[in-house]
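Each chain, letter by letter, is given below.
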Amino acid sequence: MKAKKIVRIELANPALRRIRKNFRDIIELIVKQEVSRLYAISRGARKRSRESTDSTEKEELVREDDNFMERGRRLRGLLSKSIIQCHLGGGCVSYVEATNHGRHPENGPTNLDMAWIPFDGAWFCTKCCEILIEGDKVLREERHPDYMRQLKERGFL
């Protein structure tokens, strides 16, 4: 997303919230299946490379293994930065609340209102967004060295 300001996506209608959750669950399931398929192919290539006696074939199989593993990691990274779930993952406030109330989601909850934070280039649930904004304000007011370093690294200074 190319927005330069924080963008919040909040739905009040329960029917729309249910539809949004279902779409997010489907997309998450598809990504997980594809990652699982890529890792299975990678395991097969790794196994064949160990069994191979030809060095060129072995090299090619190792490259194939690395390629499929990288594609799987890239897909997982894209999922974590998408609007489907909070970018903080297991550290998400909503996830922690859900587990404290006895609900153990396999991953982060997908039924959350989200906010795009351009500084991080990722989507966060609105609860995490509020915490990040407050922390950001404190660090900015104090001109904390770590905060200033982050701004320089990202090209904002």
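Source: prediction; values computed, not measured.

Chemist: Quick question: what am I supposed to make of the overall build of the protein chain here?
Modeler: Helix and strand content of the protein chain: 5 helices and 3 strands. The N-to-C order of helical and strand elements in the protein chain reads β-α-α-α-β-β-α-α. Expressed as a percentage of its 157 residues, the buried residues of the protein chain come to 27%. Considering only residue pairs separated by 6 or more positions, the protein chain has 64% of its internal contacts joining residues 24 or more positions apart.

Chemist: Can you help me understand the pattern of salt bridges in this one?
Modeler: Pairing of side chains with opposite charge becomes possible as their charged atoms draw close. Taken as a whole and judged by the stated rule, the model has 10 salt bridges. In this structure, Arg8 and Glu130 form a salt bridge, with 2.4 Å as the shortest nitrogen-oxygen distance. Of this pair, Arg8 sits in strand β1 (residues 7-9) while Glu130 sits in helix α4 (residues 126-142), and the two are 122 residues apart along the sequence. By relative accessible area, which is 35% here, Arg8 ends up partly exposed. The partly exposed category is assigned to Glu130, whose relative accessible area is 35%. A salt bridge links Asp113 to Arg20, with the shortest nitrogen-to-oxygen separation between them at 3.1 Å. Linking Asp113 in the loop between α3 (93-100) and β2 (114-117) with Arg20 in helix α1 (residues 14-51), this pair joins segments that are 93 residues apart in sequence. Accessibility classification places Asp113 together with Arg20 in one group, the buried group. Within the structure, one salt-bridge network assembled from shared partners comprises Arg17, Arg20 and Asp113.

Chemist: Please clarify how α1 should be interpreted in this entry.
Modeler: Along an α-helix, residues three or four positions apart point the same way, because every turn accommodates 3.6 residues. Over its 38 residues, α1 runs 55 Å from end to end, which matches the ideal 56 Å to within 8%, given 1.5 Å per residue. Inspection of α1 places Arg20, Arg24, Glu28, Val31, Lys32, Val35, Leu38, Ser42, Ala45 and Ser49 among the buried residues, and these make up the whole buried set. Buried residues along α1 sit against β1, α2 (55-81) and β2. Capping the start of α1, Asn13 holds a side-chain oxygen 2.8 Å from the backbone nitrogen of Ala15, two or three residues further along.

The rules we used
Residues numbered from 1 in each chain as written. Predicted model: local features only at pLDDT ≥ 70, side-chain atom pairs only at ≥ 80, totals over all residues. Heavy atoms only, no water. Helix = DSSP H or I, 4+ residues; strand = E, 2+ residues; numbered from the N terminus. Buried < 20%, exposed > 50% of the residue type's maximum accessible area, 1.4 Å probe, protein only. Contact = heavy atoms within 4.5 Å. Salt bridge = Lys/Arg side-chain N within 4 Å of Asp/Glu carboxyl O. Expected span 1.5 Å × (residues − 1). Polar contact = N/O pair within 3.5 Å; in protein donor to acceptor, adjacent residues only side chain to side chain.

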